[in-house]
Amino acid sequence: MPELPELEIVREVLTRRLGGRRIDAVTLAPKGAAVIVRDLTGEGFVAGIAGTTLGQVRRRGKFLIFDFPRSPFTLVANPKLSGRFQLTTPGGKKAGPVHATFHFSDPDEQLRYVDSKQMGQLYLTRDTRRIPTFDEMGPDALEASREDFGARLKPFRGEIKGVLTRAQFLAGIGNAYADEILWRAKIHPFRKRTRLSPEEIDALYDAMRQTLLEAIEQVRKDMGDDVHLKPRDFFAVHLRGGQPCPRCGTTISEITANQRITSFCRKCQPGGLIRGMNAPRPSG
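What counts, and at which threshold
Residues numbered from 1 in each chain as written. Predicted model: local features only at pLDDT ≥ 70, side-chain atom pairs only at ≥ 80, totals over all residues. Heavy atoms only, no water. Pairing = 2+ DSSP bridges. Helix = DSSP H or I, 4+ residues; strand = E, 2+ residues; numbered from the N terminus. Axes fitted to C-alpha atoms, helices over the stretch in contact; angles between N-to-C directions. Parallel < 35°, antiparallel > 145°, perpendicular 65-115°, else oblique. Left-handed = near helix turned anticlockwise from the far one by under 90°. Contact = heavy atoms within 4.5 Å. pLDDT = per-residue confidence, 0-100. Phe/Tyr/Trp six-rings, centres within 6.5 Å; stacked < 30°, edge-to-face > 60°. Buried < 20%, exposed > 50% of the residue type's maximum accessible area, 1.4 Å probe, protein only. Expected span 1.5 Å × (residues − 1). Polar contact = N/O pair within 3.5 Å; in protein donor to acceptor, adjacent residues only side chain to side chain.

Participant: In this structure, what is going on with the pairing of strand β10 (residues 253-257)? I would like to understand it.
Facilitator: Successive side chains on a regular strand alternate, one facing one side of the sheet and the next facing the other. When β10 meets strand β11 (residues 260-264), the two strands line up antiparallel, connected through five bridges. Paired with I255 across the bridge in β11 is T262. Hairpin connection of β10 to β11: two residues between the antiparallel strands, including N258 at a positive phi of 55°.

Participant: How should I be thinking about the packing of helix α4 (residues 146-153) against helix α7 (residues 198-223) in this particular structure?
Facilitator: Packed helices, taken two at a time, are described by the angle between their axes plus the distance between the axes. In contact at an axis separation of 10 Å, α4 and α7 are set at 120° when each is read in the N-to-C sense. With respect to their mutual orientation, α4 and α7 come out oblique. As α4 packs across α7, the resulting crossing turns out to be right-handed. Of α7, the residues touching α4 (which contributes R146, F149, G150 and L153) are I201, D202, L204, Y205, D206 and M208.

Participant: How should I be thinking about the confidence of the model for the protein chain in this particular structure?
Facilitator: Reading fine detail from the predicted coordinates is not recommended where pLDDT is low. Averaged over every residue, the pLDDT of the protein chain is 93; the share at 70 or more is 95%. A low-confidence stretch, residues 274-284 stays under pLDDT 50, and its non-local contacts, those more than four residues away or across chains, total 15 contacts.

Participant: Would you explain the packing of aromatic side chains in this entry?
Facilitator: Any two aromatic rings considered together are summarised by their centre-to-centre distance and by the angle between their planes. Counted according to the given criterion, the structure contains nine aromatic pairs. Seen from their ring centres, F156 and F169 are 5.8 Å apart, and the 75° between their planes marks the pair as edge-to-face. Placement of F156 in the loop between α4 and α5 (160-164) and of F169 in the loop between α5 and α6 (175-185) is noted, with a sequence separation of 13 residues between them. Among the residues examined, F169 registers a relative accessible area of 0% and is labelled buried. Between the aromatic rings of Y177 and F235, the centroid separation amounts to 5.0 Å while the plane-to-plane angle is 85°, which identifies the pairing as edge-to-face. Within this pair, whereas Y177 is found in helix α6, its partner F235 is found in the loop between α7 and β10, the two being separated by 58 residues in sequence. There is no split in this pair, since Y177 and F235 are both buried.

Participant: Where do I start with the sheet that holds strand β6 (residues 83-88) in this structure?
Facilitator: Within a beta sheet, neighbouring strands are joined by backbone hydrogen bonds and run either parallel or antiparallel to one another. An order of β1-β7-β8-β6 is seen for the four strands of this open sheet, with the pairing classed as antiparallel. Looking at which strands have only one partner, the edges of the open sheet turn out to be β1 (23-28) and β6. Neighbour to neighbour, the strand axes of the sheet diverge by 15° on average, direction disregarded. Sheet analysis places β6 next to strand β8 (residues 109-115), joined by six bridges and oriented antiparallel. Its bridge partner lying in β8, R84 is registered against V114.

Participant: Looking at this structure, how should I read helix α1 (residues 4-18)?
Facilitator: Residues separated by three or four positions in an α-helix point in the same direction, a consequence of the helix having 3.6 residues per turn. Compared with an ideal rise of 1.5 Å per residue, which puts 15 residues at 21 Å, α1 spans 20 Å between its outermost C-alpha atoms and is within 8% of the ideal. Following α1 by one or two positions, G20 has its phi on the positive side, about 85°.

Participant: Got a minute to help me understand the side chain of T211 in this structure?
Facilitator: Here T211 shows up in helix α7. Classification of T211 by relative accessible area gives buried; the value is 7%. Of the polar contacts made by the side chain of T211, one reaches the side chain of R184; its length is 2.9 Å.

See below:
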């Protein structure tokens, strides 16, 4: 799933490359597009976009928002697990099954939406409040202050990794970057939020910002303008099960639960469920 760092670079590239340019036409695949494309305007997805000029591309959590300054409509993409955009010439090799193509001229270029599992959505709407879960998101992970981070944590009582990946807490963090953040903070992913000390919460906030900001810089370097890529070779622990921890050398553990993989170092991130349950509860 593309998360905050990847989508931030996609946003930058698409705004730089396509902002201010006219969309001459939109084509939809005969299959798949019916699942992915959602017209909330009642006036037709293709008709609502073709002939408009793209303004900026913005990001809200794990959504991308395409603004059309002279149109009442907004295009909002929720790529979910397998959705990607591809910026290419008309003859360029497909990066996956193409469900929607936005055609630009001068120079001749295409923006494709590809999705191997047809899990993402493209919404055309007048009002983003009509998009499922959009208004339920908390603030962007990089916009939360230390004080807001701590205050927003308090209502949650479950495992800390699950809290980090909930958009209602903070928007933009998914499974992969939650592993990286928790490894940097030296916190076990299955520790209960209620078992974290104030010092650990501070460390978690610092780790979140450092991990995401460093990842943005690395993704910018590794992705370039190839926005369909998902560069993650720089990860410390996520999907590194069986490899040595880059901090202490202990073999990285990997657990599959709730249909997602959790990767962590048992030495650097002590505390798991049993030890956490026996540990004294911190005040606050």
